[in-house]
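Chain by chain, the residues:
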Amino acid sequence: KKQIKESELKSLKAQLNPHFLFNSLNSVSALTITNPEGARNMINQLSELLRYALRNKHTDLISVRDELQNIRRYMDIERVRFGDLLIYEEEVDEACLDMKLPAMILQPLFENAIKHGLYESLTPVTVKAKFTLNHDSLDVLLVNNCDASDGSPAGAGLGIKNTVNILRNLYNREGLLRTKPCDGFFEVKLTIPQTL
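Think of each chain on its own: its residues are numbered from 1, step by step along the sequence as written. Thresholds applied to this predicted model are a pLDDT of at least 70 for local features of residues and 80 or more for the giving and counting of side-chain atom pairs; totals over whole chains, interfaces and linings are not thresholded and use all residues. Hydrogens and water molecules were not included; the side-chain quantities draw on all heavy atoms of the structure.

### Side note on the overall build of the protein chain
Item 1. Helix and strand labels come from DSSP, where a helix needs a run of H or I of at least four residues and a strand needs a run of E of at least two; each type is numbered from the N terminus. Scanning the protein chain from N- to C-terminus turns up five helices and seven strands.
Item 2. For every residue, the accessible area (1.4 Å probe, protein chains only) is compared with the maximum for its type, and the residue is labelled buried under 20%, exposed over 50%, or partly exposed between those bounds. Burial statistics for the protein chain: of 196 residues in total, 44% are counted as buried.
Item 3. For this analysis, residues touch if any pair of their heavy atoms sits within 4.5 Å. Pairs at least 24 residues apart make up 74% of the contacts formed inside the protein chain by residues separated by at least 6 positions.
Item 4. Areas reported as accessible are Shrake-Rupley estimates using a 1.4 Å probe. Residue values count occlusion only from the protein chains shown. Only carbon and sulfur atoms are counted for the fraction: they give 52% of the accessible area of the protein chain, which is about 10,200 Å².

### With respect to the packing of aromatic side chains
Item 1. Side-chain rings of Phe, Tyr and Trp, where Trp is taken by its six-membered ring, are said to pair if the distance between their centres is within 6.5 Å; with planes under 30 degrees apart they count as stacked, over 60 as edge-to-face, and otherwise as tilted. In this structure the tally under the stated criterion is one aromatic pair.
Item 2. When the centroid spacing of 5.8 Å and the interplanar angle of 75° are considered together, the rings of Tyr88 and Phe110 count as edge-to-face. Residue Tyr88 is found in strand 2 (residues 86–92), and its partner Phe110 is found in helix 4 (residues 107–118); the two are separated by 22 residues along the sequence. Exposure class is identical for Tyr88 and Phe110. Each is buried.

### A short note on helix 2 (residues 36–55)
Item 1. How far a helix is expected to stretch is found by multiplying one less than its residue total by 1.5 Å. With 20 residues, helix 2 should cover 28 Å at 1.5 Å per step; its first-to-last C-alpha distance of 28 Å lies within 8% of that length.
Item 2. Of all the positions in helix 2, only Gly38, Ala39, Met42, Gln45, Leu46, Leu49, Tyr52 and Ala53 are classed as buried. The buried residues of helix 2 occupy an angular sector of 130° when the element is viewed end-on, so they sit on one face. Exposed side of helix 2, more than 90 degrees from the buried face: Leu54 and Arg55 are the residues found there. This arc corresponds to the set of directions leading from the helix axis out to the C-beta atoms.

### Side note on the pattern of salt bridges
Oppositely charged side chains may form a pair once their charged atoms are brought near each other.
Item 1. Salt bridge, as used here: a side-chain nitrogen of Lys or Arg that lies within 4 Å of a carboxyl oxygen of Asp or Glu. Taken as a whole and judged by the stated rule, the model has nine salt bridges.
Item 2. In this structure, the salt-bridge partner of Glu91 is Lys130, at a minimum N-O distance of 3.9 Å. One end of the pair, Glu91, is in strand 2; the other, Lys130, is in strand 4 (residues 125–134), with 39 residues separating them in the sequence.
Item 3. Glu91 sits in the partly exposed class, given a relative accessible area of 44%.
Item 4. When the shortest N-O distance is used, the salt bridge between Glu174 and Arg168 registers 2.8 Å.
Item 5. On the accessibility criterion, Glu174 (58% relative accessible area) is exposed.

Here it is in structure tokens:
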């Protein structure tokens, strides 16, 4: 059983890494002509992101502090691309910084927030992340504003499905990721148990 789960996790990670890489390379590509200096900066940030992705497996539990450092790097890359249209806010309880979560578990959720919130938008989009302690679990709430009239199936993509599967395989529980569209906002809530 353990070998099957490890195999499934490796397969899920293999699907996520190209997805993550292609999105990041598209961000770099958008700037190569209009802002070469910005493109160079993005390539440096991307190399750090790739090192992080290659160094950590989804079965590795890392600190919120380390995962947030990676997310900030990713958001910096996307801010170079989208400028003032992308606003990132985070709220982290001090007690959460040393709590553990699966490496790279947040990356596809932030990609999803930007994809569904920003790609078709001409107005600023705010992506908010909130980390709180809930008894013996870490709660992560990710919220972004989006066009309620947009018919795109937010939350139905590969990133969210794979994240659900990774959480199920690691913690043997259902319902650790929930999504909720409401009045121009899209919410993703993760519950990360602190015991496997």
